Structures are given as structure tokens and as C-alpha cells.
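# Observations on the three-dimensional arrangement
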Amino acid sequence: MSAIDTLPPLREVIATHGLSARKSLGQNFLLDLNLTAKIARAAGDLQSCDVLEVGPGPGGLTRGLLAEGARHVLAIEKDRRCQPALAEIAAAYPGRLTVLEGDALEIHPLAHLTPPIKVAANLPYNVGTELLVRWLTPPAWPPFWQSLTLMFQREVAARIVAQPGNKAYGRLAVLAQWRSDARIALQLPPEAFTPPPKVSSSVVHLEALPAPRYPADADVLSRVVAAAFNQRRKMLRAALKGVTPDLEDRLRAAGISPTERAEQIPVEGFCALAREVAKT
Ligand code: SAM
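Only a predicted model underlies this, so the values are computations on that prediction, with no experimental measurement involved.

## Brief notes about the overall build of the protein chain
Across its full length, the protein chain holds eleven helices and nine strands. Viewed in the frame of its principal axes, the protein chain has a C-alpha envelope of about 65 × 35 × 25 Å. Per-residue burial over the protein chain gives 50% buried out of 280 residues. Summarising the internal contacts of the protein chain: among those between residues at least 6 apart in sequence, 70% fall at separations of at least 24. Accessible surface, the protein chain as shown: approximately 12800 Å² in total, 51% of it carbon and sulfur.

Listed below in C-alpha cells is the structure:
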């Protein structure tokens, strides 16, 4: 019998430790261990990796990651009530699970992790988006992580993998596709969660590229893309006003017509523009 089988079912864990879901923490739990194993497998081979898990809650995905052979899991959870449930999992997998209590937006986990590192999380979507942008925009590349396997609302997931010309194409698509291969690994209906959220969800898997697809400074690219899509219906000569002097010249030098709109510009074009803007 594997260690996962010696632990009580998640419904029992939730009842024993009084883990009623809190909306304020975005708590929609995954209680089906077949499903959490499937998400863990979407992260790829975990055998020789440390895994950073953000928001383990009662530990369904944590159990999946450990059962799938993760060398070590570092889990960061904000809700103190989850600690006893997570301590039971740590006891079932001696030396393989470390739990930190706190806000993942404030904790720097690297001191507790040994490369190669993969990230897996089922988080409230606003925290997930903020972390995703941070993980995609460090000044240097490659980053600390090899891959990210993250749950999002279905429309946020669509924004990460969207192509130019699509309504969902925007800042997340450009930043994700600039430095990683991003794809949707799994689709989940609301009933997969307890309690069910209002919307469907998707697991997105991003593999870090060894080097960015095109050269650009991460800060400048983020600034240009944010401004371009902030007013996505406007022509770039209007949307990007204030980003750089000589805007129209910079756009032309990057091979972009000033009358185009952000939605039409591929990642390569935004990187060319970021290089032009960085010259000013
Ligand atoms: N991973 C568990 C699962 O799949 O059942 C729980 C998922 S639930 C959607 C999100 C979890 O993230 C909750 O346990 C919540 O307490 C935790 N959380 C929310 N905001 C957080 C933050 N800023 N830092 C760390 N954990 C957070």
C-alpha cells in the first residue's frame, strides 16, 4: 500500500480539523485524490525535483505530488487551520514535506528549495495571476523554476495561451509565451471542487524556455505591454502615448504600424518595440 492510502479521506480530514471553506481565502477544495494525482502528473516527472506548492489547503494536491514521487514538497499556506492536516501528511512522508504558514505573496521560498524546482498550485485566481506575472518577469532568465502547473478560471487560462487576433490575447499571453511554452493541460467543471465555484477551471502548464524567445528587458516589455493592452481598442500611437518620446518612430523601427492595435501584435513585435523603447 502506498503512503497516500494510509491517510484518511479528505472529507474526513476536513471534518476532523473543522476546515469549512472560507470565501475570503478563495477556498474551493479538490477532494478527489484521482483528480489531484492527475494534476500532479500534469506537472511531469517529479522524481528528482523539489516542488513548490502554493495554497495546499487540506492537502489533496500535496498528497498527489508526494504520491507521484516528488523528492521534496515545500507548501506555503495562509490559513493556519490547515496546519494539523498538513502535519499528518508530513508524518506519512517523513522528510519530504515542509510547510510554511504565511502569504505566498510575501514569503521568499528559495532558501527552502533545491533545484531542479517545479511549481504546482491551486490558488485563488487573483493570487495565482499575481504570482504568475512575478514568476514570468524576473530580470534574468532562466528562472528558479523548470515548470509551472497552475489552476486558473477557464477564461484566465485562455488568456495565457491566446494567440494574436484573439479577444483573450493580452499581457498574460505575451509575458507567458515570451519566455515559456504554455498549454492547457486539463479542464475541470465546477463540480470538481468543494464547494463548487461559479465558473469552470483549467490547469495550465508552462515550461520555462532555456532563453527568452526574443531579446527584451523584462521591465520595459511589461510596461509597454501593460500600456498597449490597457487601451486595447485604441491604435498603438494613442495607447502608448507617454511610454516613450518619438513614439511613432520607435514603432516603425520595431516594424509596427502606429495605426495597429495591441491585439494584432505578436510577441516578437512587442519585444522589438521594448528594445526600441529601451534605447531612449
Ligand atoms: N490546493 C488545495 C486544493 O486543491 O484543495 C486548496 C485550494 S484553494 C482554491 C486555495 C488555497 O490557497 C486555500 O487553502 C487558501 O487558504 C490558500 N491561499 C489563499 N491565498 C493565499 C496566499 N496569499 N498565500 C498562501 N495561500 C493562500
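## With respect to the site of the ligand
Around the ligand sit 21 residues, and of these Leu-30, Gly-55, Glu-77, Asp-103 and Asn-122 come closest. Between Leu-30 and the ligand, the recorded distance is 2.8 Å, taken from a backbone N or O atom to an oxygen atom. Backbone polar atom of Lys-78 to a nitrogen atom of the ligand: 3.4 Å apart, as the coordinates give it. Of all the elements in the fold, those that place two or more residues in the shell around the ligand are strand 1 (29–30) and strand 3 (72–77). Considering only residue class, the shell around the ligand consists of nine nonpolar, seven polar and five charged.

## Structural notes on the layout of surface pockets
Approximately 940 Å³ is the volume attributed to the largest pocket. Lining the largest pocket are 43 residues, and of these Leu-25, Gly-26, Gln-27, Asn-28 and Pro-124 sit closest to its centre. Among the elements of the structure, strand 1, strand 2 (50–54), helix 3 (60–67), strand 3, helix 5 (125–136) and strand 6 (147–153) are those that each provide at least two residues to the lining of the largest pocket. The residue inventory of the lining of the largest pocket, partitioned by class, reads 22 nonpolar, 13 polar and eight charged. If you trace the second largest pocket, you find 13 residues lining it, with Ile-107, His-108, Pro-109, Trp-135 and Phe-144 closest to the centre. Taken together, the elements giving at least two residues each to the lining of the second largest pocket come down to strand 2 and helix 5.

What counts and how
Residues numbered from 1 in each chain as written. Predicted model: local features only at pLDDT ≥ 70, side-chain atom pairs only at ≥ 80, totals over all residues. Heavy atoms only, no water. Helix = DSSP H or I, 4+ residues; strand = E, 2+ residues; numbered from the N terminus. Buried < 20%, exposed > 50% of the residue type's maximum accessible area, 1.4 Å probe, protein only. Contact = heavy atoms within 4.5 Å. Areas by Shrake-Rupley, 256 points an atom, 1.4 Å probe, with all protein chains shown as cover. Near = heavy atom within 4 Å. Polar contact = N/O pair within 3.5 Å; in protein donor to acceptor, adjacent residues only side chain to side chain. Nonpolar A, V, L, I, M, F, W, Y, C, P; charged D, E, K, R; others polar. 1 Å grid on protein atoms, 1.4 Å probe; cavity = no way out; pocket = protein on both sides within 12 Å on 5 of 7 lines; lining within 4 Å. Points joined across faces, edges and corners; volume = space filled by probe spheres on them.

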